[in-house]
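# Reading the structure
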Amino acid sequence: MKRVQFQSRWVPYVLLLPQLTIVCLFFLWPAGEAIRSSFYLEDPFGFGSTFVGLDNFKTILSDPEYFKAAAFTAVFTFLVAFFALSLSLLLAVKADKVVKGATVYKTLIIWVYAVAPPVTGLIGAMLFDVNIGPFTHLAHDFGWDMRVGVNYYDTAFAMVVAAVWNQIPINFIYFLSGLQSIPKAVQEAASIDCRSSFKRFWTVTFPLLAPTGFFMLVINITYAMFDTFGLVDVMTKNEPANNPVTLVYKVYADGFRGNDLGGSSAQSVVLMIVVFALTIVQFRFVERRVHYN
Amino acid sequence: MIKRLVSFSISLALLSNTALAATEITWWHGMGGKLGDVVNEIANRYNASQADCHLTPAFKGTYEETLTAGIAAFRAGEQPNILQVFDAGSATIINAKGAVIPAQDLLEQEGVKLNPDDYIDGVRNFYADASGKFIGMPFNSSSPIMYFNKEALAKAGVEPPKTWEEFEAIAPKLKDAGYVPLVQSHMPWIFVENFFSRNNVQFASNDNGYKGAEGTKILINTPEIKMHWTHVKDWKDKGWFGFYGVPGPDNQKPFEEGKVALFLASSGAFGGLAKTASMPFGSTFLPYWGSIKGAGVHSFIGGAALFAMSGKAAAENACTAKFFSFLTSPEIQYYWHKETGYVPVTKAAYELAKADGYYAKTPDAETGIKQLSLPGAEWDKGYRMGFYVQIRDVMNREFVKLLNGDESVDAAFATIETDSNALLEKFAKTTAASN
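All of the points below concern the structure found in this document.

Definitions and cut-offs
Residues numbered from 1 in each chain as written. Chains lettered and ligands numbered in written order. Predicted model: local features only at pLDDT ≥ 70, side-chain atom pairs only at ≥ 80, totals over all residues. Heavy atoms only, no water. Helix = DSSP H or I, 4+ residues; strand = E, 2+ residues; numbered from the N terminus. Rg over C-alpha atoms; globule rule 2.2 N^0.38 Å. Buried < 20%, exposed > 50% of the residue type's maximum accessible area, 1.4 Å probe, protein only. Contact = heavy atoms within 4.5 Å. Areas by Shrake-Rupley, 256 points an atom, 1.4 Å probe, with all protein chains shown as cover. Lys, Arg positive; Asp, Glu negative; His and termini not counted. Charge placed at Lys NZ, Arg CZ, Asp CG, Glu CD. Axes fitted to C-alpha atoms, helices over the stretch in contact; angles between N-to-C directions. Parallel < 35°, antiparallel > 145°, perpendicular 65-115°, else oblique. Left-handed = near helix turned anticlockwise from the far one by under 90°. Nonpolar A, V, L, I, M, F, W, Y, C, P; charged D, E, K, R; others polar. Buried area = accessible area lost by both parts, 1.4 Å probe. Salt bridge = Lys/Arg side-chain N within 4 Å of Asp/Glu carboxyl O. Polar contact = N/O pair within 3.5 Å; in protein donor to acceptor, adjacent residues only side chain to side chain. Pairing = 2+ DSSP bridges. 1 Å grid on protein atoms, 1.4 Å probe; cavity = no way out; pocket = protein on both sides within 12 Å on 5 of 7 lines; lining within 4 Å. Points joined across faces, edges and corners; volume = space filled by probe spheres on them. Disulfide = S-S within 2.5 Å.

### Looking at the overall build of chain B
Along chain B, the regular secondary structure elements total 20 helices and 11 strands. In terms of overall size, chain B behaves like a compact globule, its C-alpha atoms giving a radius of gyration of 23 Å where 435 residues would be expected to give roughly 22 Å. For chain B, the spread of C-alpha atoms along the three principal axes comes to 80 × 55 × 35 Å. Sorting the 435 residues of chain B into buried and exposed places 60% on the buried side. Across chain B, the fraction of contacts at a sequence separation of at least 24, relative to all contacts at a separation of at least 6, is 77%. For chain B, the exposed surface amounts to about 16,200 Å²; the carbon and sulfur share of it is 55%. Across chain B, 40 positive and 47 negative side-chain charges occur, with their mean positions spaced 2 Å apart.

What follows is the structure in structure tokens.
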């Protein structure tokens, strides 16, 4: 095969320039600013700042509420990713087998994806409203004294339900297309060898879906950790109080609601480190077990 | 036809000319919905009242969002002329020396004498400095009062309580009549800040924080307020106090549905309640503790004030000053009071409303202003603590734990004290950096 070579040494860099500019302007520069201001205490209006070394980090790491938010973020991310992936996989496998009315069925599942996370939060807040929410009434009928906004665990439950509901459609789309790209020949061969469709799924279909699954895992973790910010904000009705909040929401609450720029920057630096570590783990350890082709 | 077109375009040109000649000023606020319409109407009336200045109001979201937008704009040199800042944010903007021109200085530069005695007692010091000079211009002011469900009181055969002791005497009767005796709508505002004002108890060191951020400590782990909250928890356990979460609307709903006897909420809430409540209701002052010596004085104002941002041209500042005078004129104050339910901030406007017979028709509109006009004392002028938005969040967090029974009163108040003082100390460092 003939290798394509650039004539000039500079052409590749020129072609990369727009992308690099965007990366520098919107990612590297703000990240650098965040790291710088995490070492300072600054008055909100920008009249002056004092270098305080690692004080901001010490404050965070000695705050039990920060660890509570971190623990919630971890549990929330696990639950949302687990349920959003497993439920959508189930729906996709079933939808793949539907012959009649497949389009209607698929559209009904997919349309939810068009709902933005804050709107999901709004709908969730309404369904779980402490006074008038239908889900609250339903829970009361079953003897569960659900009080979202008062009870920590009830609020967490409502948030997980809303977040999973919002994330299922995109997972569904990817899983469905993943299923449809599995060669018919492989599936037919498998059905000759094995009669149990359950066993066939786990030994043939599921491994072939692994690349899609891995990609979706990354996407879902990112969603649960970062994109649910709007959902958390709306479901807590702008009152963090004793409600479960994610680390990203805490960055917002302290920085933008509370005008504590140094403390909030330090939190975002900690998050940066977490994301960095997570990325390494995902690609070094999880991806090794995934087989492409 | 052509003639008409020509004259039309000429008049259009003239119009745009006058618009060009006028000095443009901007006002960022957090008044959404119906309140925003009234703000726009006030701006229109101001623009129509003179030709030199043209004011453009802009809605910037919640109070928190408006303050954050104002700060971000100030850092970029794009600040508005007027920024609305709410009670909990006032320490942030007042301690940032150089961010604002004190309202009193601004008016006096324009030759307008501002006499604090023209203002209602409870309004006078809240946005002023330690010497009583107005830094912010009081704008939308309200205070927590007590609404009562007339049906519930009649059924139980009781009168609305003046003190918490009286409440404890009637609460069993209200409960037996089938009502939740008491619900509130904003714990830090009603059961902390206005506990301190109404009962005349010191809230923070350094003269409630007025003497500066340096060394200001919250005095919340103290006997009086802990006594109050020990009772509140006891009321909750006995079924005398209903709690439906932190947001106000979640607590207002059961009152609107007629399930609650007494409801503590903003003096401005009567207009909305009149539309949504399923039963007749009245209003009276926020109760105080008869057991606390010197209690029963006026409460703090809630709501927000207008701040003139610095770094603007002299001509624009003159327009801002003119607008402040216009805004505090009795007619505009009365209009604002009538349309929104916020209290008028000047005595003259209060007199105008009285003379107009407004309170004979809507007595609930007067409760807030009457409560703010009660005699004042040492500790009901105001409080000034930085990072106060976060301090309120800390309070709410601990109060929910306390009411759920996850934490004792002692533990909750010890945590509020520690966390608030850490925030105050941090705030003092940020302002020290700017000086």
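### Digging into the packing of helix α7 (residues 152-180) of chain A against helix α9 (residues 197-227) of chain A
Packed helix pairs are characterised by how far apart their axes lie and by the angle those axes make with each other. All names here are of chain A. Remark: α7 packs on α9, axes separated minimally by 10 Å, with the N-to-C direction vectors making an angle of 150°. By the angle class used here, α7 and α9 are roughly antiparallel. When you trace α7 past α9, the crossing you get is right-handed. Contacts between α7 and α9 involve Ala 163, Asn 166, Gln 167, Ile 170, Asn 171, Tyr 174, Phe 175, Gly 178 and Leu 179 from the former and Thr 205, Leu 209, Thr 212, Gly 213, Phe 215, Met 216, Ile 219, Asn 220 and Tyr 223 from the latter. Looking at the contact of α7 with α9 residue by residue, the class counts come to 10 nonpolar, eight polar and no charged.

### Points about the interface of chain B and chain A
Each partner contributes to the interface: chain B provides 38 residues, whereas chain A provides 37 residues. Of the roughly 3,300 Å² buried between chain B and chain A, counting both surfaces, carbon and sulfur atoms make up 58%. Considering only the side of chain B, the residues that lose the most area to chain A are Arg75(B), Arg397(B) and Lys426(B), jointly responsible for 17% of the buried surface there. Residues Glu42(A) and Arg75(B) are paired through a salt bridge, measuring 2.6 Å at the closest nitrogen-oxygen approach. In this assembly, chain B and chain A are joined by 11 residue pairs in polar contact (both at pLDDT 80 or more). Contributions of two or more residues to the side of chain B that touches chain A are made by α3 (63-75), α4 (90-95), α12 (248-256), α19 (388-404) and α20 (409-434) of chain B. Here the side of chain B that touches chain A gets nine residues from one element, more than from any other, and that element is α19(B). By residue class, the composition of the side of chain B that touches chain A is 16 nonpolar, 10 polar and 12 charged.

### Describing the pairing of strand β9 (residues 260-266) of chain B
Residue and element names in this part refer to chain B. With seven of seven residues buried, β9 is to be regarded as a mostly interior element. Examined bridge by bridge, strand β6 (residues 144-149) and β9 share five bridges and lie antiparallel to one another. Along β9, the bridge assignment pairs Pro 144 with Ser 266.

### Side note on empty space enclosed by the protein
Tallied over the entire structure, the rule returns four cavities of 30 Å³ or more. The volume enclosed by the largest cavity comes to roughly 110 Å³. Together, 13 residues line the largest cavity, and Val148(A), Gly149(A), Met235(A), Lys237(A) and Asp250(B) are the ones closest to its centre. Of the residues belonging to the lining of the largest cavity, the class tally is six nonpolar, four polar and three charged. Considering the residues around the second largest cavity, the lining is formed by Asn95(B), Gly209(B), Gly212(B), Ala213(B), Thr216(B), Arg384(B), Met385(B), Gly386(B), Leu424(B), Phe427(B) and Ala428(B). At three residues, α20(B) tops the list of elements feeding residues into the lining of the second largest cavity. Tallied by class, residues from the lining of the second largest cavity come to five nonpolar, five polar and one charged.

### Regarding the state of the cysteines
Residues and elements named next belong to chain B. Per the counting criterion, the structure on display carries one disulfide over all chains. With a sulfur-sulfur separation of 2.0 Å, Cys 53 is cross-linked through a disulfide to Cys 319. Disulfide Cys 53-Cys 319: the torsion about the S-S bond is -80°, which places it as left-handed. Taken together, the positions of Cys 53 in strand β2 (residues 53-59) and Cys 319 in helix α14 (residues 314-327) put the pair 266 residues apart, joining distant regions of the chain. The exposure classification of Cys 53 matches that of Cys 319, with both residues buried.

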